Amino acid sequence: MTITSETERIGRVTSVGRPAAELRRQRRVMGVLAAVTLAGAVAFCVVGLTGNIEYALGIRLRRVAAMAVVGVAVGYSSVLFQTVTNNRILTPQIMGFDSLFVLVQTLIVYFAGAIALSSADPHVLFAVQAGVMVAFAFALHRWLFDRNSRDLYLLVLVGVIFGTLFSSLSSLAARLINPNDFVTLQDSLFASFNSIDESLLWFSSVLLVVLCALGTRLFRKLDVVALGRDTAVGLGVNHRSVVNRALVLIAILVSVSTALVGPVAFLGVLVANLARQLTRSFRHAVVVPAASLLAVATLTLGQLVLEQVLGTDTALSVVVNFGGGLYFIALLVRESTR
């Protein structure tokens, strides 16, 4: 019997064995999440719409599309990363992607000035930022993880160390730049959905669809990988191959979403764990869509509240990071008491 057929058999057996009531509850949860996400997107597009309706609606639709791309990328990559690391409090951002993004932005301002950053071709800037992050992830992966199949935790640890290094270098460079340039730099370091290039959004959307389609083919094997390396190997799953492919998808998803709008540090840990709590499922076919819907709903509803209720132009990432940070602390406390 082949590995694929074995994992498919395992998936069928677990599906048949699950209580029908639990499956119905999961469908209700997914239906509610989908309805809330759709309602949030529609509300963001129409609430407070004035002036040239067609022009304003086009801008809001583009912003909603950007939130959908980022939300799906963050939710998808966070669930996969927690599976391959077998840890519920880690997200891909811990590998230093956000810190590397900040370092690239800071170095551009340090060497070329704030005008160069604000006037740069968005396509070139996107290519540089995404390319540097993907290259870093691939170099780190090849250097450490390919040496033997048990280097995953070393990979994460070295990623944390590099993230700290990137943050320190960014802080040093920021202290040396012109104060006026520093103000411009600070505005570019927070995730913003206000000015998204339409061609970049289309490119990111197509790439996201391709990556999600490739990742979906791994869901059943990832269900087994979540049981632990030894169990997965014993059930006939090539643990090394599955983890390798998942890490490649994670690196590209995080790099593209971060280069598109900027870093949203704690959104991943928030939606991935809430998705598991709400669905009460271990199956990636359920948890990944739930996390993606939660991420998109958080972004659209959060931006709606900030703009229409509170009337502020504060970057949404500040609020998300604050709420996600509190949730992260709660997770740490809960894990420590087990």
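Cut-offs used in this document
- Residues numbered from 1 in each chain as written.
- Predicted model: local features only at pLDDT ≥ 70, side-chain atom pairs only at ≥ 80, totals over all residues.
- Heavy atoms only, no water.
- Helix = DSSP H or I, 4+ residues; strand = E, 2+ residues; numbered from the N terminus.
- Buried < 20%, exposed > 50% of the residue type's maximum accessible area, 1.4 Å probe, protein only.
- 1 Å grid on protein atoms, 1.4 Å probe; cavity = no way out; pocket = protein on both sides within 12 Å on 5 of 7 lines; lining within 4 Å.
- Points joined across faces, edges and corners; volume = space filled by probe spheres on them.
- Nonpolar A, V, L, I, M, F, W, Y, C, P; charged D, E, K, R; others polar.
- Contact = heavy atoms within 4.5 Å.
- Core = buried A, V, L, I, M, F, W, Y, C linked by side-chain atoms within 4.5 Å.
- Expected span 1.5 Å × (residues − 1).
- Axes fitted to C-alpha atoms, helices over the stretch in contact; angles between N-to-C directions.
- Parallel < 35°, antiparallel > 145°, perpendicular 65-115°, else oblique.
- Left-handed = near helix turned anticlockwise from the far one by under 90°.
- Salt bridge = Lys/Arg side-chain N within 4 Å of Asp/Glu carboxyl O.

## A word on the overall build of the chain
Piece 1. The helix and strand tally for the chain stands at 15 helices and 0 strands.
Piece 2. Out of the 338 residues belonging to the chain, those deemed buried represent 48%.

## Focus on empty space enclosed by the protein
Piece 1. Taken as a whole, this structure holds 2 cavities of 30 Å³ or more when the rule is applied.
Piece 2. Taken as a whole, the largest cavity spans an internal volume of roughly 40 Å³.
Piece 3. Lining the largest cavity are Val-70, Val-74, Gln-93, Ser-257, Thr-258, Val-261, Gly-262, Pro-263 and Val-264.
Piece 4. Secondary-structure elements contributing two or more residues to the lining of the largest cavity are helix H3 (53–85) and helix H12 (239–261).
Piece 5. Among the elements that line the lining of the largest cavity, the one with the most residues is H12, at 3 residues.
Piece 6. Residues belonging to the lining of the largest cavity are distributed by class as follows: 5 nonpolar, 4 polar and no charged.

## A look at the layout of surface pockets
Piece 1. Considered as a void within the structure, the largest pocket measures approximately 640 Å³ in volume.
Piece 2. Every residue lining the largest pocket is counted, 23 residues in all, and those nearest its centre are Gln-105, Leu-125, Ser-188, Ser-195 and Leu-260.
Piece 3. Contributing elements (two or more residues each) for the lining of the largest pocket: helix H4 (97–112), helix H5 (114–119), helix H6 (122–145), helix H8 (179–188) and H12.
Piece 4. Grouping the constituent residues of the lining of the largest pocket by class yields 12 nonpolar, 9 polar and 2 charged.

## Details of the environment of Gly-40
Piece 1. Here Gly-40 is to be found in helix H2 (residues 20–46).
Piece 2. A relative accessible area of 1% places Gly-40 in the buried class.
Piece 3. On a C-alpha basis, the gap between Gly-40 and Val-296 in space is 8.7 Å, while along the polypeptide they are 256 residues apart.
Piece 4. When near neighbours in sequence (up to four residues on either side) are disregarded, Gly-40 contacts Thr-300 and Leu-301.

## A few points about the nonpolar core
Piece 1. Residues Leu-80, Leu-222, Leu-247, Leu-260 and Leu-267 are the most contacted members of the largest nonpolar core, which totals 86 residues.
Piece 2. Broken down by element, the residue count for this core peaks at 14 residues, all from H12.
Piece 3. Each residue touching Leu-267, except ones within four places of it in the same chain, is listed here: Val-74, Ala-295, Thr-298, Leu-299 and Val-320.

## Overview of H4
Because the α-helix completes a turn every 3.6 residues, residues three or four places apart line up on one side.
Piece 1. For H4, which comprises 16 residues, the first-to-last C-alpha distance of 22 Å matches the rise-based estimate of 22 Å (1.5 Å per residue) to within 8%.
Piece 2. When H4 is considered as a whole, its buried residues turn out to be Phe-97, Asp-98, Ser-99, Leu-100, Phe-101, Val-102, Leu-103, Val-104, Gln-105, Thr-106 and Val-109.
Piece 3. Just downstream of H4 lies Gly-113, where phi reads positive at about 95°.

## Observations regarding unusual backbone geometry
Apart from glycine, the bulk of residues carry a negative phi angle, and the bulk of peptide bonds sit in the trans form.
Piece 1. In this model, Asn-86 sits at a positive phi of 55°, which is unusual for a non-glycine residue.
Piece 2. Residue position: Asn-86 is located in the loop between H3 and H4.
Piece 3. The backbone of Arg-280 sits at a positive phi, close to 55°, despite the residue not being glycine.
Piece 4. Taking the relative accessible area as the measure of exposure, Arg-280 reaches 60% and is therefore exposed.

## Topic: the packing of H2 against H3
Piece 1. Packing of H2 against H3 leaves a shortest axis separation of 9 Å and a crossing angle of 150°. Of the possible angle classes, the one that applies to H2 and H3 is roughly antiparallel. As H2 packs across H3, the resulting crossing turns out to be right-handed. Counted together, Ala-41, Phe-44, Cys-45 and Val-46 of H2 and Leu-57, Arg-60, Leu-61, Arg-63, Val-64 and Met-67 of H3 form the full contact between these two elements.
Piece 2. Class assignment for the residues of the contact of H2 with H3 results in 8 nonpolar, no polar and 2 charged.

## Quick notes on the pattern of salt bridges
Piece 1. Enumeration according to the criterion identifies 2 salt bridges in this entry.
Piece 2. For the salt bridge of Arg-25 with Glu-22, the shortest nitrogen-to-oxygen distance reads 3.5 Å. One end of the pair, Arg-25, and the other, Glu-22, are both in helix H2, 3 residues apart, so they sit about a helical turn from each other.
Piece 3. Here Arg-229 and Asp-230 are joined by a salt bridge, their closest N and O atoms 3.6 Å apart.
Piece 4. When its relative accessible area of 28% is taken as the criterion, Arg-229 is described as partly exposed.
Piece 5. Judged by its relative accessible area of 57%, Asp-230 falls in the exposed class.

## Here's the deal with H3
Piece 1. In this model H3 runs 47 Å from its N-terminal to its C-terminal C-alpha over 33 residues, within 8% of the 48 Å that 1.5 Å per residue would give.
Piece 2. Just downstream of H3, Asn-86 is the residue with a positive phi angle, here 55°.

## Here we look at the packing of H3 against H12
In a packed pair of helices, the relevant descriptors are the angle between the two axes and the axis-to-axis distance.
Piece 1. At a closest axis distance of 9 Å, the pairing of H3 and H12 adopts a crossing angle of 150°. For the element pair H3 / H12, the angle class is roughly antiparallel. Both H3 and H12 take part in a crossing whose hand is left-handed. Touching Val-69, Val-70, Ala-73, Tyr-76, Ser-77, Leu-80, Phe-81 and Val-84 of H3 are Val-243, Ala-246, Leu-247, Ile-250, Leu-253, Val-254, Ser-257, Leu-260 and Val-261, all from H12.

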